[in-house]
Amino acid sequence: IVEDKLILSCKINNNNINIELNNHLIDSFYISYFIFIKNINQNPVTFSSNMPKTFGSSKELIFTKKFIKINNLGYFENIYEGNYQLLRKYIKSFSDKVSQEHSHGAYTGQKTILYIYKDSEFIDISNKRKFIKTFSKYKKEIKRFLKENKIKYKKANNIELIKLIIFCEKFS
């Protein structure tokens, strides 16, 4: 996902080719065990009934990462859905600066931003300070929870983030 455009990178006859896909014509796609879902209406999407049989018993693994598209804001990893929706935005862009190594330009490194999405509002929680500010009434409880569960916010994986969000949902 580059600048919220779907780019298919492939090698044809030893040449690297990038093809920009039309977002309006693609509602979902699979890469390895990840499902990418375009969800304009922000409603839960269930693919279990119409999953291709070719996935067989590994079908459950496909849902380890679910990506949704919220209106024209692009694709987000849907980490958790409850009272709050926890989303991760992946950002990658193309730099057209030409060098000897990259005669046609190159892609930048991938960045991520964490958001809480509630009531059609995005709240940036990409660092511990922003997260605690979002739940400022419960600052002490959150800090204690992080310490007791040995969660380093900056390095937290999805499971740890889900535990933290579920803990914070108790207060809302």
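Just so it is clear, the structure is predicted and the values come from calculations on it, not from any experiment.

Asker: Got a minute to help me understand the pairing of strand E10 (residues 111-118) in this structure?
Answerer: Each regular strand displays side chains that alternate between the two surfaces of the sheet. Strand direction decides the pairing type here: strand E7 (residues 85-91) and E10, joined by 7 bridges, are antiparallel. Note on E10: the bridge partner recorded for glutamine 85 is tyrosine 117. Pairing of E10 with strand E11 (residues 121-124), which is carried by 4 bridges, proceeds in the antiparallel orientation. What sits directly across from tyrosine 117, in E11, is phenylalanine 122.

Asker: Help me understand the confidence of the model for the protein chain, please; the structure alone is not making it clear to me.
Answerer: Overall, the predicted model of the protein chain reaches an average pLDDT of 76, with 70% of residues at or above 70. A low-confidence stretch, residues 39-64 (pLDDT under 50), is modelled with 36 contacts involving residues beyond four sequence positions or located in other chains.

Asker: Could you clarify how one ought to interpret the environment of lysine 143 in this entry?
Answerer: Residue placement: lysine 143 occurs in helix H2 (residues 139-148). With relative accessibility at 41%, the residue lysine 143 sits in the partly exposed group. Expressed as a C-alpha distance, the spacing of lysine 143 and lysine 128, which sit 15 residues apart in the sequence, is 9.6 Å.

Asker: Any chance you could explain a positive patch on the surface here in plain terms?
Answerer: On the surface, Lys128, Lys139, Lys143, Lys152, Lys154 and Lys155 cluster together into a positively charged patch. Mapped onto the secondary structure, lysine 155 falls in the loop between H2 and helix H3 (158-169). Residue classification places lysine 155 among the exposed positions, given a relative accessible area of 73%.

Asker: Could you clarify how one ought to interpret the pairing of strand E1 (residues 6-12) in this entry?
Answerer: Relative to strand E2 (residues 15-21), E1 runs antiparallel, the two sharing 7 bridges. Bridge assignment links serine 9 to a residue of E2, and that residue is asparagine 18. In this antiparallel pair of consecutive strands, E1 and E2, the connection spans 2 residues, and asparagine 13 shows a positive phi of 50 degrees.

Asker: Sorry, what's going on with the nonpolar core here?
Answerer: Where a protein is soluble and globular, its nonpolar side chains tend to be buried together. Leu86, Phe131, Ile142 and Leu164 are the most contacted members of the largest nonpolar core, which has 21 residues in total. Contributing elements (two or more residues each) for this core: strand E6 (75-81), E10, helix H1 (128-134), H2 and H3. Take this core: its biggest share by element is 5 residues, from H3.

Asker: Explain unusual backbone geometry here, please?
Answerer: Apart from glycine, the bulk of residues carry a negative phi angle, and the bulk of peptide bonds sit in the trans form. Despite not being glycine, asparagine 13 has its phi angle at roughly 50 degrees, a positive value. Mapped onto the secondary structure, asparagine 13 falls in the loop between E1 and E2. Judged by its relative accessible area of 70%, asparagine 13 is exposed. Not every positive phi belongs to a glycine, and asparagine 14 is a case in point at roughly 60 degrees. Structurally, asparagine 14 can be placed in the loop between E1 and E2. Relative accessible area serves as the criterion here: at 70%, asparagine 14 is assigned to the exposed category.

Asker: Help me understand H3, please; the structure alone is not making it clear to me.
Answerer: Three- or four-residue spacings in an α-helix give side chains the same orientation, since the helix completes a turn every 3.6 residues. Helix length check: H3 (12 residues) gives 16 Å between terminal C-alpha atoms against 16 Å at 1.5 Å per residue, within 8%. Every buried residue of H3 is accounted for by Leu161, Leu164, Ile165, Phe167, Cys168 and Glu169. The secondary structure elements touched by the buried residues of H3 are E6, E7, E10, H1 and H2. Capping the start of H3, asparagine 157 holds a side-chain oxygen 3.1 Å from the backbone nitrogen of isoleucine 159, two or three residues further along.

Asker: Please clarify how the pattern of salt bridges should be interpreted in this entry.
Answerer: Pairing is possible between side chains that carry opposite charge, provided their charged atoms lie close to one another. One pass over the structure, following the stated rule, counts 2 salt bridges. Of the charged contacts, one joins glutamate 77 and arginine 88 as a salt bridge, the two residues approaching to 3.3 Å between their closest N and O atoms. With a gap of 11 residues between them, glutamate 77 in strand E6 and arginine 88 in strand E7 connect regions that are remote in the sequence. Between lysine 130 and aspartate 124 there is a salt bridge, and its shortest N-O distance comes to 3.1 Å. Using a relative accessible area of 27% as the deciding quantity, one classes lysine 130 as partly exposed.

Basis of the calculations
- Within any chain, residue numbers begin from 1 and follow the written order of that chain's sequence.
- Local features in this predicted model are restricted to residues of pLDDT 70 or higher, and side-chain atom pairs are both shown and tallied only at a pLDDT of 80 or more, whereas totals for entire chains, interfaces and linings draw on every residue.
- Based on all heavy atoms of the structure, the side-chain values leave hydrogens and waters out of the count.
- Two strands are counted as paired when DSSP detects at least two bridges linking them.
- In this text, helices come from DSSP runs of H or I with a minimum length of four residues, and strands from runs of E with a minimum of two, each type numbered from the N-terminal end.
- Looking at any residue, its pLDDT shows the predictor's confidence there, from 0 to 100.
- Should any heavy atoms of two residues lie within 4.5 Å, those residues are counted as being in contact.
- Think of it in three bands: residues with accessible area under 20% of the maximum for their type are buried, residues over 50% are exposed, and the middle band is partly exposed, with areas taken using a 1.4 Å probe on protein chains only.
- Each patch is assembled from residues with relative accessible area greater than 30% and no salt bridge, linking like charges that lie within 9 Å and nonpolar side chains (Val, Leu, Ile, Met, Phe, Trp, Tyr) that lie within 5 Å.
- Residue exposure ignores everything except the shown protein chains as possible cover, and the areas themselves are Shrake-Rupley values with a 1.4 Å probe.
- The salt bridge criterion pairs a side-chain nitrogen of Lys or Arg with a carboxyl oxygen of Asp or Glu, the two atoms within 4 Å.
- Lys and Arg are tallied as positive, Asp and Glu as negative. Neither His nor the chain termini are counted.
- Charge coordinates come from a single atom per side chain, which is NZ of Lys, CZ of Arg, CG of Asp or CD of Glu.
- Buried residues of nine kinds, namely Ala, Val, Leu, Ile, Met, Phe, Trp, Tyr and Cys, make up a nonpolar core once their side-chain atoms join them within 4.5 Å.
- What a helix is expected to span follows from its residue count: subtract one and scale by 1.5 Å.
- Nitrogen and oxygen atoms within 3.5 Å of one another constitute a polar contact, given that in protein one can donate a hydrogen and the other can accept it, and given that sequence-neighbouring residues count only through two side-chain atoms.

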